[in-house]
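Residue strings, one per chain:
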Amino acid sequence: MAYGVTALVAAPVSAQQQATAVASPDSGPVGSTFTLTWSGVYLDPDCSNRAVQILWDGKQVVGDGWHWGRNNGSGTGTVPAGASLGGHRVTARPVCTASSNPTDSFTVTPTPTTTTTPPPVVPTTTAPPVVTTTVTRPPVTTTTQPAATTTPTTTTTTTTDSSAPPASTTTKPFDGDGALTLDKDNIQPGDPLTATGTGCDPGSSVYLSSLGENVGTAKADTSGMFSTRVEFTTIQPGRHVIRADCGVVLVGSVDIALTSSTSGTTSTLVILVFFLLVGALLVRRQFAGLFTKRT
């Protein structure tokens, strides 16, 4: 009986001398992981917890493992932050009483520097500037010709009339595109006379004058045309020059004739009186002859 007890106690002591642990890998930077594998470790037969802690330098728990065999097991640990460069110890410590705590060395290496290679520079191609060509077309000028009339008229582009437009009217030189048309060449006092003009400034006021007197007014339409009646305040026989001021100066002329019937009437009256006198004389002579014969 005493011999058997002695053999049970001596077996763990012999196993403790044979326990080993291997770290793989056995070096690495801070934050890297490693696996610690051990063998020759015997747990207390009365302990059913097979959990194992992985210690860093015998103090800091950096991982855990499992005692999965009769006398071996493995666990995983992580190099703790702040670990100094150089050699350290990693140890497997079972939670239950064990014959030993196997240990191995681990070397902390510098953290590798990550070099980021920038992407290749793609040459930038600059597009040529866009040249915009603007073509400006000349304005199109439309000239409206005056309506044709059946009555012959006399027009001229110059004037000898001394009359002037109102002081508020600015007259520009006549450019030859307008005309003043009168519906009659000859009139007698009291005859109607109409003046039609073209080439005026659109919407301008029109003043007609002759011999310094105003003979009519009008207003040009949007095409520069007007039409108005000409009325003379003083009747004088002969040719009258009519001037229209409407931004340009338009000139026309008309002849005024005075026909008198006084001379014809007087001649007829004289002849009638002459025949009356002759008739009276003949009648008197007849009465005188008759009276002489009776006596």
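Look up a bit, the structure's there.
Residues numbered from 1 in each chain as written. Predicted model: local features only at pLDDT ≥ 70, side-chain atom pairs only at ≥ 80, totals over all residues. Heavy atoms only, no water.

Student: It is not clear to me how the overall build of the protein should be interpreted in this structure. Could you clarify?
Tutor: The helix and strand tally for the protein stands at two helices and 17 strands. Taking all 295 residues of the protein together, the buried fraction comes to 27%. Surface summary for the protein: the accessible area is close to 19,900 Å², and the carbon and sulfur share equals 58%. (Helix = DSSP H or I, 4+ residues; strand = E, 2+ residues; numbered from the N terminus. Buried < 20%, exposed > 50% of the residue type's maximum accessible area, 1.4 Å probe, protein only. Areas by Shrake-Rupley, 256 points an atom, 1.4 Å probe, with all protein chains shown as cover.)

Student: What is the right way to read the side chain of H240 from this model?
Tutor: Here H240 lies in strand 16 (residues 238-245). Excluding anything up to four places from it in sequence, H240 contacts S210, L211, F232, G252, S253, V254 and I256. (Contact = heavy atoms within 4.5 Å.)

Student: Got a minute to help me understand the pattern of salt bridges in this structure?
Tutor: If you walk through the whole model with that rule in mind, you get four salt bridges. One salt bridge connects E231 with R229, and the closest N-O pair in it is separated by 4.0 Å. Residue R229 is classed as partly exposed on the basis of its relative accessible area of 47%. In this structure, R243 engages D245 in a salt bridge whose closest nitrogen and oxygen atoms are separated by 3.0 Å. Assessed through its relative accessible area of 11%, R243 is described here as buried. Residue D245 is classed as buried on the basis of its relative accessible area, which comes to 1%. (Salt bridge = Lys/Arg side-chain N within 4 Å of Asp/Glu carboxyl O.)

Student: Help me out: how do you make sense of the sheet that holds strand 1 (residues 20-24) in this one?
Tutor: Two strands in a sheet stick together by hydrogen bonds in their backbones, pointing the same way (parallel) or opposite ways (antiparallel). Ordered in space as 1-3-6-5-4-7-8-2, the eight strands form an open sheet in which the pairing is mixed. The sheet is open, and its two edges are formed by strand 1 and strand 2 (27-28), each paired on a single side. The pairing of strand 4 (residues 51-56) with strand 5 (residues 60-66) spans six bridges and is classified as antiparallel. In the sheet register, A51 faces strand 5, and the bridge partner there is W66. (Pairing = 2+ DSSP bridges.)

Student: How should the state of the cysteines be read in this particular structure?
Tutor: A covalent bond between the sulfur atoms of two cysteines is what we call a disulfide. Across all of its chains, the model carries two disulfides by this definition. Disulfide partner of C47: C96, at an S-S distance of 1.2 Å. Taken together, the residues span a long stretch of sequence, with C47 in the loop between strand 3 (33-39) and strand 4 and C96 in the loop between strand 7 (86-94) and strand 8 (103-108) at a distance of 49 residues. The partly exposed category is assigned to C47, whose relative accessible area is 23%. A relative accessible area of 10% means that C96 is categorised as buried. Between the sulfur atoms of C200 and its disulfide mate C246 the distance is 2.1 Å. Residues C200 and C246 are joined through a disulfide that is left-handed, its torsion about the S-S bond being -70°. Here the residue C200 occupies a position in the loop between strand 12 (194-198) and strand 13 (205-210), and C246 occupies one in the loop between strand 16 and strand 17 (249-256), the gap between them amounting to 46 residues. You can call C200 buried: its relative accessible area is 6%. Along the protein, the cysteines engaged in disulfide bonds are linked according to the scheme 1-2, 3-4 when indexed in sequence order. (Disulfide = S-S within 2.5 Å.)

Student: When you look at the environment of R239 in this model, what are you seeing that I'm missing?
Tutor: With respect to the secondary-structure elements, R239 resides in strand 16. As for R239 and A257, which are separated by 18 residues in sequence, their C-alpha atoms are 8.8 Å apart. Non-local contacts of R239, meaning those with residues more than four positions away in its chain, are made with S253, V254 and D255. At 2.9 Å, the side chain of R239 and the side chain of D255 are in polar contact. (Polar contact = N/O pair within 3.5 Å; in protein donor to acceptor, adjacent residues only side chain to side chain.)

Student: What exactly am I supposed to notice about the pairing of strand 5 here?
Tutor: For a regular strand, side-chain orientation follows a simple rule: the groups alternate between the two sheet faces. Two successive antiparallel strands, strand 4 and strand 5, enclose a turn made up of three residues, where D57 displays a positive phi of approximately 55°. By the bridge criterion, four bridges tie strand 5 to strand 6 (residues 72-78) in an arrangement that is antiparallel. Bridge pairing in strand 6 places G65 opposite G75. Where strand 5 folds back on strand 6, the antiparallel hairpin that results is connected by five residues.

Student: So what exactly am I meant to see when it comes to the nonpolar core here?
Tutor: Burial of nonpolar side chains together is a common tendency in soluble globular proteins. L193, L208, F226, V230, F232, I242 and L250 are the most contacted members of the largest nonpolar core, which has 20 residues in total. With 16 residues, the next largest nonpolar core counts A23, F34, V90 and V108 among its residues. (Core = buried A, V, L, I, M, F, W, Y, C linked by side-chain atoms within 4.5 Å.)

Student: How should unusual backbone geometry be read in this particular structure?
Tutor: Of all residues except glycine, most have a negative phi; of all peptide bonds, most are trans. The linkage connecting S24 with the following residue, P25, adopts the cis geometry, with an omega of -5°. Structurally, P25 is set in the loop between strand 1 and strand 2. Positive phi is not limited to glycine here, since D57 has a value of about 55°. Tracing the backbone shows D57 in the loop between strand 4 and strand 5. Look at L211: it is not a glycine, yet its phi comes out positive at around 55°. Following the sequence through the fold, L211 ends up in the loop between strand 13 and strand 14 (213-219).

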